Amino acid sequence: MFSSLASSWLSSFVGLVAVASSVNAATYSVSDTFIGPSFLSGFRHENIPDPTHGRVTYVDQATAVAQNLTYANGNTFIIRADYKTTLNAGGPGRNSTYASRMLYLACFLDNRCKFVMTLTCLHIEACLTLPFKDWPNNGEVDIIEGVNDQSPNHSTLHTTDGCTMNAANMVQTGALQTTNCFWQVNGNAGCGVANNKPNSYGPGFNNIGGGWYAMERTSTKINVWFWGRNEANVPADVKNGASTVNTSNWGTPYANFVNNNCPINSKFGPNNIIINLTLCGDWAGNVYPSTCPSTCVDFVNKNPAAFRDAYWDFASLRVYQ
């Protein structure tokens, strides 16, 4: 799911690693690096209706650049929502950004590959996800996902029927929240794992200056790690953006989705990295607190300044295989 009510809140540094390699390997070599302007050339800004029915209008790259919703320079890449315009209740939603990149189609068609991704980010709002073409038949992995400033971060799978998780089979530091990954049950909640670190999302994440996220996918598992920026145990290959990484040295992931009751190879197709920021919609719109003013949509329409800090700021994204 991509929904989030943006209001401020992840002003920091994050690293995300992606790897693809032979099935039995834990060491991977970098195949793609995105830093600053290369995000603009490497990702598409999609001018599409919001798949989660949020109060946003996703704009193309030229519009995003012209309206300063997208900015890239040096080791900075920012995408954000408009925070200046008061909306007409009957008009289009608040302008926002939805950036995507398709990866490794051939790799996954022959089921021989692993995939690891590392992301370095200075400010996060909303969602970083790996959905696949022909959703939901090819699955979705939400790496960073949240509403407002609610912590901790949750990593979640969404699939077709026939994929469940059991905490007894998962070697992880996080806590399994829901067990059925099937998108048509529990309001498409998926099977999610809550990070064990409260500073993995929201104000706590900002206060520590960010950190790194890493995701590894193989034919038998999907792992997700998080390290705060100043943690002593950040792997050197992640921290330094090395040309090779070894996931066997990264310690226990906080999320360890396994194939005991979920045939990962058949439930997930080629990775498509999505970075987006939506307002209200299927998830956040339904959990908008009753203590907040009016409705979610009405708040978005009338309070542009509330979204001044609703943006992503990436330093780098590296893909390994």
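For the structure given in this document, a descriptive report is provided here. (Residues numbered from 1 in each chain as written. Predicted model: local features only at pLDDT ≥ 70, side-chain atom pairs only at ≥ 80, totals over all residues. Heavy atoms only, no water.)

## Some thoughts on the overall build of the protein
- Scanning the protein from N- to C-terminus turns up eight helices and 20 strands.
- Burial analysis of the protein (321 residues in total) assigns 58% to the buried set.
- Accessible surface, the protein: about 12000 Å² in total, of which carbon and sulfur atoms supply 49%. (Helix = DSSP H or I, 4+ residues; strand = E, 2+ residues; numbered from the N terminus. Buried < 20%, exposed > 50% of the residue type's maximum accessible area, 1.4 Å probe, protein only. Areas by Shrake-Rupley, 256 points an atom, 1.4 Å probe, with all protein chains shown as cover.)

## A look at unusual backbone geometry
- The phi dihedral of Asn186 is positive, around 55°, even though this residue is not glycine.
- Residue position: Asn186 is located in the loop between strand E13 (175-176) and strand E14 (191-194).
- If you check the backbone angles, Asn188 has positive phi at about 60° while not being a glycine.
- Within the secondary structure layout, Asn188 lies in the loop between E13 and E14.
- For Asn188, a relative accessible area of 14% translates into the label buried.

## Things to note about the packing of aromatic side chains
- Applying the stated criterion to the full structure yields 16 aromatic pairs.
- Pairing Trp227 with Trp250 gives two aromatic rings, centres 5.7 Å apart and planes at 85°, and the pair type is edge-to-face. Of the two residues, Trp227 is situated in strand E16 (residues 221-228) and Trp250 in the loop between strand E17 (244-246) and strand E18 (255-258); the sequence distance between them amounts to 23 residues.
- Under the relative-accessibility criterion, Trp227 is labelled buried at 2%.
- Judged by its relative accessible area of 4%, Trp250 is buried. (Phe/Tyr/Trp six-rings, centres within 6.5 Å; stacked < 30°, edge-to-face > 60°.)

## Brief notes about the pairing of strand E2 (residues 27-34)
- Strand direction decides the pairing type here: E2 and E17, joined by three bridges, are antiparallel. Bridge pairing in E17 places Ser29 opposite Thr244.
- With four bridges joining them, E2 and strand E20 (residues 311-320) adopt antiparallel strand pairing. Within E20, the position partnered with Val30 by the bridge is Tyr320. (Pairing = 2+ DSSP bridges.)

## Considerations on the state of the cysteines
- Applying the stated criterion across every chain, the model contains three disulfides.
- At a sulfur-sulfur separation of 2.0 Å, the disulfide partner of Cys163 is Cys262. Judged by the sign of its S-S torsion, about -90°, the bond between Cys163 and Cys262 is left-handed. Here Cys163, found in the loop between strand E12 (154-158) and E13, pairs with Cys262, found in the loop between E18 and helix H6 (264-267); they are 99 residues apart in sequence, far enough to count as distant. An identical accessibility class is assigned to Cys163 and Cys262; each is buried. (Disulfide = S-S within 2.5 Å.)

## Brief notes about the side chain of Asn246
- Take Asn246: it is sitting in strand E17.
- Looking at Asn246, its side chain comes within polar contact range of the side chain of Thr27, at 3.5 Å.
- Leaving out residues up to four positions away in the same chain, Asn246 has contacts with Ala26, Thr27 and Asp237. (Polar contact = N/O pair within 3.5 Å; in protein donor to acceptor, adjacent residues only side chain to side chain. Contact = heavy atoms within 4.5 Å.)

## Quick look at the nonpolar core
- If you look at the biggest cluster of nonpolar residues, it comprises 38 residues, and the most contacted ones within it are Phe43, Leu157, Met165, Tyr213, Ile222 and Phe257.
- Those elements giving two or more residues to this core turn out to be strand E6 (76-80), strand E11 (140-144), E14, strand E15 (211-217), E16, E18, strand E19 (272-276) and E20.
- With residues up to four places along the chain from it excluded, the contact list for Phe257 reads Ser155, Thr156, Leu157, Met165, Met170, Cys191, Val193, Thr220, Lys221, Ile222 and Ile264.
- Within the second largest apolar cluster, 16 residues are counted, among which are Leu87, Ile274, Tyr288 and Phe307. (Core = buried A, V, L, I, M, F, W, Y, C linked by side-chain atoms within 4.5 Å.)

## Quick word on the side chain of Asn95
- Relative to the helices and strands, Asn95 resides in strand E7 (residues 94-96).
- Among the polar contacts made by the side chain of Asn95, one reaches the side chain of Gln67 at a distance of 2.9 Å.
- Contacts of Asn95, omitting those with residues within four sequence positions, involve Thr57, Val59, Gln67, Leu69, Ala81 and Asp82.

## Some details on the pattern of salt bridges
- Applying the stated rule across the entire model yields four salt bridges.
- Ionic pairing is found between Asp82 and Arg94, a salt bridge with its closest N-O pair at 2.8 Å. On the criterion of sequence distance, the pair formed by Asp82 in the loop between E6 and E7 and Arg94 in strand E7 is long-range, its members being 12 residues apart.
- Residue Asp82 is classed as buried on the basis of its relative accessible area of 10%. (Salt bridge = Lys/Arg side-chain N within 4 Å of Asp/Glu carboxyl O.)

## Examining the environment of Gly162
- Counting through the fold element by element, Gly162 comes out in the loop between E12 and E13.
- Taking the C-alpha atoms as reference points, Gly162 and Asn261, 99 residues apart in sequence, are found 7.6 Å from one another.
- If sequence neighbours within four positions are ignored, Gly162 has contacts with Asn261, Cys262, Pro263 and Lys267.

## So, the environment of Thr164
- Relative to the helices and strands, Thr164 is located in the loop between E12 and E13.
- Distance from Thr164 to Phe257, taken between C-alpha atoms, is 9.4 Å for residues 93 residues apart in sequence.
- If near-sequence neighbours (up to four positions away) are discounted, Thr164 is found in contact with Thr179, Asn180, Cys181, Asn261 and Cys262.

In short, geometric facts, not functional conclusions.
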